[in-house]
Amino acid sequence: MKLLSRLRQLSARGVLGLNERNGDYIMRHNPRALYPLVDDKLRSKELALAAGMAVPALYGVVRTEHDAGELPQTLAERDSFVVKPAHGSGGDGIVVVSHRGHRRRDRFHLIDGKIMQLAELRYHVSNILSGQYSLGGNPDQALIEYCVQHDPVFQAISYLGIPDIRIIVFLGYPVMAMVRLPTRLSGGKANLHQGAVGAGIDIATGVTGVGVLANDMVDEHPDTGNMITGIQVPRWDEIMALAARCHDVVGLGFLGVDIVLDRERGPLILELNARPGLNIQIANRAGLGKRLREVEAWPDRGTDFAARVQRAQAAFAA
Amino acid sequence: MSLRPVLIIAALLGLIGLSLFSYKVIVLGFPLVPNETTDVWTVEARIAFEALPGSVKVSLQIPTLTPGYTVFKENFVSPSFGFTTLYTASGRTAQWAVRQAEGPQTLYYRAVVYRDRANLREDTTPTLPPVPVLDEPYNTAMQVLVDEVRAASADAATFTSELLRRLNDPSPDQNVALFLSQVTTPTELAQAASTLLAGNRIPSRLVRGIQLLEQQRNAAIVPWLEIHDGDRWLYFNPTSGEPGLPQEFLFWWRGSQPLVHVEGGRNTDVRLAVTKNVAEAMVVAEARAERARSRLVEFSLFSLPIQTQAVYSVLLLIPIGALVIVLARNVVGIQTFGTFMPVLIALAFRETRLFSGVVLFTLLVGLGLAIRFLLEKLRLLLVPRLATVLVSVVLLMLLVSVISAKLGVEVGLSVALFPMVILTMVIERMSIVWEERGAKEALQQGLGSLVVAAICYAVMGMDYLEHMVFVFPELLLLFLAATLLLGRYRGYRLSEFVRFRAFERAP
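Residues numbered from 1 in each chain as written. Chains lettered and ligands numbered in written order. Predicted model: local features only at pLDDT ≥ 70, side-chain atom pairs only at ≥ 80, totals over all residues.

Q: Got a minute to help me understand the overall build of chain B in this structure?
A: Counting its regular elements, chain B contains 18 helices and 13 strands. For chain B, whose C-alpha radius of gyration is 36 Å, the value lies well above the compact-globule estimate of 23 Å for 507 residues. Along the first, second and third principal axes, the C-alpha set of chain B runs to 115 × 70 × 35 Å. Taken over 507 residues, chain B has a buried fraction of 33%. Intrachain contacts of chain B at a sequence separation of at least 6 include 77% that bridge at least 24 residues. (Helix = DSSP H or I, 4+ residues; strand = E, 2+ residues; numbered from the N terminus. Rg over C-alpha atoms; globule rule 2.2 N^0.38 Å. Buried ≥ 20, exposed ≤ 12 C-beta atoms within 10 Å, placed from the backbone. Contact = placed C-beta atoms within 7 Å.)

Q: What's the story with the packing of helix α11 (residues 354-378) of chain B against helix α14 (residues 439-460) of chain B in this structure? I'm lost.
A: Packed helices, taken two at a time, are described by the angle their axes make and the gap between the axes. Residues and elements named next belong to chain B. In contact at an axis separation of 11 Å, α11 and α14 are set at 150° when each is read in the N-to-C sense. In this view, α11 runs roughly antiparallel relative to α14, as classed from their interaxial angle. The interaxial crossing formed by α11 with α14 has right-handed handedness. Each of Leu354, Val358, Phe361 and Val365 in α11 lies in contact with α14, whose residues at this interface are Gly446, Leu450, Ala454 and Tyr457. Partitioned by chemical class, the residues of the contact of α11 with α14 number 7 nonpolar, 1 polar and no charged. (Axes fitted to C-alpha atoms, helices over the stretch in contact; angles between N-to-C directions. Parallel < 35°, antiparallel > 145°, perpendicular 65-115°, else oblique. Left-handed = near helix turned anticlockwise from the far one by under 90°. Nonpolar A, V, L, I, M, F, W, Y, C, P; charged D, E, K, R; others polar.)

Q: Would you mind showing me how to read the nonpolar core here?
A: For soluble globular proteins, the rule of thumb is that nonpolar side chains tend to be buried together. Residues B:Val113, B:Ala193, B:Leu250, B:Ala346 and B:Leu364 are the most contacted members of the largest nonpolar core, which totals 112 residues. Here this core gets 7 residues from one element, more than from any other, and that element is helix α10 (residues 341-352) of chain B. Excluding its chain neighbours within four sequence positions, the residues that come into contact with B:Ala193 are B:Leu163, B:Leu164, B:Leu167, B:Leu225 and B:Pro238. With 93 residues, the next largest nonpolar core counts A:Phe154, A:Val175, A:Leu213 and A:Val260 among its residues. (Core = buried A, V, L, I, M, F, W, Y, C linked by C-beta atoms within 7 Å.)

Q: What exactly am I supposed to notice about the sheet that holds strand β10 (residues 233-236) of chain B here?
A: Each strand in a sheet pairs with its neighbour through backbone hydrogen bonds, running either in the same direction (parallel) or in the opposite one (antiparallel). Residues and elements named next belong to chain B. In spatial order, the strands read β10-β9-β7-β11; together these 4 strands make up an open sheet with antiparallel pairing. Two strands bound the open sheet, and with one partner strand each, they are β10 and β11 (249-254). Across this sheet, the average inter-strand angle for adjacent strands is 40°, counted without regard to direction. Strand direction decides the pairing type here: strand β7 (residues 204-211) and strand β9 (residues 222-228), joined by 6 bridges, are antiparallel. Paired with Leu206 across the bridge in β9 is Leu225. Sitting on the sheet, helix α5 (residues 186-199) touches β7 and β9, and the angle it makes with β9 is about 15°. (Pairing = 2+ DSSP bridges.)

Have a look at this one:
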């Protein structure tokens, strides 16, 4: 049977399925009480700041329709910024403004080339407030924050938007990483299910491997045609340390950490995810389940994140 | 986290469900197949007589203890007569009485009986009868006969067989012949046997009954002999000595008194008639359960008013749909809009039928999406926008109904059964997915929902399943157990074999 041989292949490689992720890892290691810390991006940002970790600067929070009316004042000083729902998921509802019209300041140029009028932006913000993008449709807040200027290393292999690095941190150990490269298809967004390319990163060295587009393997960027393999991500050890510390900050055992590399400010924590996706396994051509089971047998190193990173890098080198 | 508590709870639920189920099937005879019928017989006693001037009193023996059968509907037709039933030493009597009557009178007793294997037990253990004291030469003949038969037998049953064999011997010995000299009918033979059995202190009763045949206008009354072996009642054919009961034999009354006794009347004629017909198995099972004083049935769905029953016969299908959803999402991995939306759509499909249901659903969602995209331009707040879509959906449903009525397409009318709030939410969610993730994913999820709804419809539409959960709601405990077990399923979803197919080519 073909199914049976596939089943054998997948489990031999320790590929984690959704049922196992939900039942064995999220349910056991992520207490529900801690969810708000990561589901509310405002709170996770505050927590990270309090721990002295770098995050994109917060320009403002829109909490009410009245706040939304004051958008022009809030944004007066800003040429580029990001609007995102505090409780969004999967990148939905995020608007990235790269610059504004020189003469017409109420025209916002989005990163994917579209242009938004002030009124449209305000409408988008009020949709966020009424909960269109939030989990469960609850009323939400809109965050306005610094628009990351991506590091030149990714210039050749991303289309429009900002690439980010997703790291799965399990019990404080960074176990798997990939970089997510926006494409024309993803509209400049770095989410795999929106059409971005993911490329695996060697945990030990920070060098990229083969990428994945949808569910297929690719080795060059679909829009720019440049190779996405063999690229050294700069400041990799810093990125690893930052990811590992996130576990100490929010306390979730099974965590997806999204980090962006700003050309001036270096690695910044973009957001945290209590239900990280599983495509990272395809990008790395490695099963996550195998690594998670291995980590479960390791000792608890407390808050010594450097030791955790070292151990993980030694164990999971490509 | 150990799997054990889930296994234990699931096993318990399964056990409870299965035992209730088998009790209802085996003991109460609840039907396993929809519209199952069972044989019932309507038996009737018709008493005709000519009343003499003055008061009239009629006593009729009626069935009470009927091994193998249960009487469940009785009625008494007796114009102008006062009527009562009473229990007597030998059984049950119906009594009609009137102060003044004249001329020909007819009274009826009617009852419906059904086969009931559970009703084989008898309720009384009789005391040992005294040895009868007879006139000579009968007394000596009895003594000799009893001694002979006892010597040739081992227990009450073989004693009875041997005795009846001798009584029915074509060339009887002289003691037997003495007893048989006064016997002309099988009833009298049975009475003589009864006397001789008492000679050996075996309790016995003369029973009269009828054969439950297809159709009988004037059923023959057959005498039978019941003896008690100290443990239970045994039955013998008095004219052959064979043990057991004839096929389809209904005990009508016991004792030596006549079937009917009329005071103040003459030319009495009594006839027993039988008609076989069929009744719904469920009706009979309920009657049986009621007799057994089963709490189970008292608290069953059948105690609810008919309309409520109709509601529940649909509601009980929802757990089945829920199990289908669990399988579709966690084992197969199909994405749908709204967790249980497909179940509700499937319920609507029950009225519209599948094909037209799918067409109507697609039509409504398509039109709703078009309206939703137009609304996007108006920049409404979320809740007013949802309300606008809801109103539009209702108007669209109305439009579809009216147009299809004009065209004479009847199925368009049933569009009103679609859950409009659910449709509205589907439209909203679909439009968001459409905008954020692209048309492909939106259509994929929409199709997924429709496919799961169709599967739910197919499963929930099985008459057999509907019958089973309605008659045996305890089977839902099995569904619950299955759902619990699936809740601990940690294996791959079928869709993940496709999703992770890249691993196959990888080194």
